[in-house]
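Residue strings, one per chain:
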Amino acid sequence: MRSRWPVVLLAVVTLVALAPFVVMVVVALSPPGAPTLPHALPSSLTLRNFAAVLAAEDFARWTANTLGYAAVSVVAVLLSASMAAYVFARKRFPGRDVLLWTIVSTLMVPFHAVVVPLLLLVAALGWVDTYWGLVVPTLANAQAVLLLRQFIRALPGEVFDAVRVDGAGDWRTYWHVVLPLCRPVLATLGVFVFLWHWNDFLWPLVVTNSTTMRTLTLGLSTMDSGKLSVAELMSVATVTALPCLLVFWLLQRHLVSAITGQGR
């Protein structure tokens, strides 16, 4: 008989991990002024707190900015990183390894160390407080290039030989062979890139000035917390977390496939 301790341990860890989210949602649904978790269970549930947050000025604009920032970044990062990874994995040219390791070495430089030079460059281009300045500087992702390059290198060489025999060029090979085979790792990277941009606070704070250019996390942080109840603050946190949970739910099949190695 197999030991049940791993299952029990997994259940305990899961409950501990979910407890803060459950408390957050229950408090967000609690009536104003009513006792709620962690002191007592609410006697009734209401959406009034969410209505108050959603009715905030510029909330729709902040949400649209964040969705555009995250969605455009995911598409651009995955396309550019997969193209670069295909070249590094399947092409030979002078200085390839030096260029690759130069890109990888940027992973050791924290983003906070390059914020000021990056802002000066964006200001010189006239992109401060614009969508160009918000999106373009965050598209270079060395981690995505490295992970995709390792994944493409592990693909069977016979596949590329067969495509080459059929007369396919580099673009056709990339679009019709590499991208479909990389679907699991692309989905995984897509989730990470989306979460990073959705929750990004520092760069939007630095590069935007006007209220209409703020992202959701930045805009919500500027709301007067002294005028908001705990339940309304928890509704803000719930609204911010829901899109992340939705993206994970939509791509969970590809995530599991990538983790277990079944996507190859």
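Here the structure is shown first, and the text comes after it.
### Quick look at the overall build of the protein
Summing up its helical and strand segments, the protein has 13 helices and zero strands in all. Restricting to contacts in the protein with at least 6 residues of sequence separation, those with at least 24 account for 73%.

### A look at the side chain of asparagine 65
By the element assignment, asparagine 65 lies in helix α3 (residues 59-90). A relative accessible area of 3% places asparagine 65 in the buried class. Polar contacts involving the side chain of asparagine 65 include one to the main-chain carbonyl oxygen of threonine 212, which spans 2.7 Å. Not counting residues within four places of it along the chain, the set of residues in contact with asparagine 65 comprises Tyr131, Thr212, Met213 and Arg214.

### A closer look at a nonpolar patch on the surface
Together, Val75, Leu79, Met83, Trp171 and Trp175 make up a nonpolar patch on the protein surface, roughly 500 Å² of accessible area in all. For the nonpolar patch, the secondary-structure elements that each account for two or more residues are α3 and α9 (170-181). Looking at the nonpolar patch element by element, the count peaks at three residues for α3. Relative to the helices and strands, tryptophan 175 resides in helix α9.

Cut-offs applied
Residues numbered from 1 in each chain as written. Predicted model: local features only at pLDDT ≥ 70, side-chain atom pairs only at ≥ 80, totals over all residues. Heavy atoms only, no water. Helix = DSSP H or I, 4+ residues; strand = E, 2+ residues; numbered from the N terminus. Contact = heavy atoms within 4.5 Å. Buried < 20%, exposed > 50% of the residue type's maximum accessible area, 1.4 Å probe, protein only. Polar contact = N/O pair within 3.5 Å; in protein donor to acceptor, adjacent residues only side chain to side chain. Patch = residues over 30% accessible without salt bridge, like charges linked within 9 Å, V, L, I, M, F, W, Y side chains within 5 Å. Areas by Shrake-Rupley, 256 points an atom, 1.4 Å probe, with all protein chains shown as cover. Salt bridge = Lys/Arg side-chain N within 4 Å of Asp/Glu carboxyl O.

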